[in-house]
Amino acid sequence: MTMINGYPVKIAGTGKYIPEKIMTNFDFEKFLDTSNEWIESRTGIKKRHIASKEERCSDLAFKAGAAALEDAGISAGELDLIVVATDTPDTYCPCTAAKVQGMLGAEKAGAYDVIAGCTGSLTAMLTAIGGISSGVWNNVLVIGSEDFAEVLDWNDRSTCILFGDGAGACVLSRSDDENVRFISGELLADGKKYDLITIDKEDGRDSPVLRMKGSEVFRFVNTHLPAFLKDFCDKSGIIPADVDFWVLHQANTRIIDGLFKRLGASSERTLTNLENYGNTSAASLMITLDETMKAGRIKSGDKVVFTAFGAGMTLGALLYAA
């Protein structure tokens, strides 16, 4: 774990973009052996948004990034770096972030992508925070964006019902207030379980396809995430009950409910939007952050913990003093 020293870093603004098209659980009943009741009872998902055929990952990212810049009150020309966390890039080379940099007109900014499963946005945030705190950058735009249509197997009811499209973003900047800052961060991986969630090529398909060993993922998260967060809080000098608000990756409501029980923390101290969006992977944490901020759920002086888990298998956490 790393205590974040150097220049203090704050969240300067947030934004999101959600595609217009909606798929409800009832839509899946038309072509899969499943039901609204089955999906909702096992995942908590009621609907998810699907990008149009004209929208790609970069389009979603651009709109979320523009919204975050407007919220932060800074121009694209003031950015030093753009990082896009995604598992569904427009192309694997060049990076989607470079395309977004051009779309925004951020002429002074560098750009790169992060591919780290659903932990991608948190990974991107921590690397951006490190750069700002060390004085390399002043303003960094972090975007999580996903367009899953091309990588889902729409005949596989164990995966296609889970995921949705969307993008969220935040501007991270040097803070003028020493008390408003990120305090600590940690990333962890268990590469021996890399095959629990994959997006890879298969014979007979034109594009890579997402596969997931759902029961093993569920077991891994329930076993490792609570212990990881308890240890993270302990090394950060707090206990889970001290956390005023939790910004969580949205994957499954049973995972979220179980996490709070194991942590001995109140589930009222979080915002859950899974029923509206499904699992938006790397976009999930950023969309949730934007909705949390816009709803005024985080107050001045609050201790906030961000956490995510995903393919790899990867885990991550950040502690923020608002």
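Within each chain, residue numbers correspond to sequence positions counted from 1 in written order. The predicted nature of this model means local features are confined to residues of pLDDT at least 70 and side-chain atom pairs, given and counted, to a pLDDT of 80 or more, with totals for whole chains, interfaces and linings taken over all residues. Side-chain metrics in this entry use all non-hydrogen atoms of the structure; hydrogen atoms and water are not considered.

Participant: Before we go on, may I ask you to explain helix α7 (residues 253-263) in this structure?
Facilitator: Because each turn of an α-helix spans 3.6 residues, side chains separated by three or four positions in sequence point in the same direction. Along α7, the residues that are buried comprise Ile255, Ile256, Gly258, Leu259, Phe260 and Leu263. In what follows, a contact means two residues having at least one pair of non-hydrogen atoms within 4.5 Å. Secondary structure follows DSSP: runs of H or I at least 4 residues long count as helices, runs of E at least 2 residues long count as strands, and numbering of each begins at the N terminus. If you follow the buried residues of α7, they end up packed against α6 (214-235), β12 (245-248) and β13 (303-310). Of the residues flanking the start of α7, the one acting as N-cap is Asn252, its side-chain oxygen 2.7 Å from the backbone nitrogen of Arg254. After α7 finishes, the residue Gly264 shows a positive phi value of roughly 70°. Exposure is judged per residue with a 1.4 Å probe applied to protein chains only, and the accessible area is read against the type maximum: over 50% gives exposed, under 20% gives buried, and values in between give partly exposed. Polar contacts, as counted here, are pairs of nitrogen or oxygen atoms within 3.5 Å of one another; within protein the pair requires one atom able to donate a hydrogen and one able to accept it, and residues that are adjacent in sequence qualify only if both atoms are side-chain atoms.

Participant: What is the right way to read empty space enclosed by the protein from this model?
Facilitator: Rolled over the atoms, a probe with the dimensions of a water molecule shows which regions are left empty. Space inside and on the surface of the protein is sampled on a 1 Å grid over the protein atoms alone, with a cavity defined as a set of points where a 1.4 Å probe fits but cannot get out and a pocket as an open set with protein on both sides within 12 Å along at least 5 of 7 lines; lining residues have an atom within 4 Å of a point. Grid points are joined across faces, edges and corners, and a volume is the space filled by probe spheres set on the points. This model, assessed by the stated rule, comprises one cavity of 30 Å³ or more. In this structure, the largest cavity encloses a volume near 50 Å³. Lining the largest cavity we find Leu225, Leu248, His249, Ile255, Ile256, Leu259, Thr307, Ala308 and Phe309. When residues of the lining of the largest cavity are traced back to their parent elements, those giving at least two are α7 and β13. Each residue gets one of three labels, nonpolar for Ala, Val, Leu, Ile, Met, Phe, Trp, Tyr, Cys and Pro, charged for Asp, Glu, Lys and Arg, and polar for the others, Gly among them. When the residues that make up the lining of the largest cavity are grouped by side-chain class, the tally is seven nonpolar, two polar and no charged.

Participant: How should I be thinking about the nonpolar core in this particular structure?
Facilitator: Across soluble globular proteins, you tend to see nonpolar side chains buried next to one another. We call a set of buried residues a nonpolar core when its members are Ala, Val, Leu, Ile, Met, Phe, Trp, Tyr or Cys and they connect through side-chain atoms within 4.5 Å of each other. Formed by 35 residues in total, the largest nonpolar core has its most connected members in Met125, Val142, Leu172, Phe182 and Phe306. No other element matches the seven residues that helix α5 (residues 120-133) contributes to this core. Setting aside residues up to four positions removed in sequence, Leu172 forms contacts with Val9, Lys10, Ile11, Met125, Ala128, Ile129, Ile132, Asn138, Asn139, Val140, Val142 and Phe182. Counting residues in each nonpolar core, the second largest holds 28 residues, with Ile197, Ala251, Phe260 and Met313 among its members.

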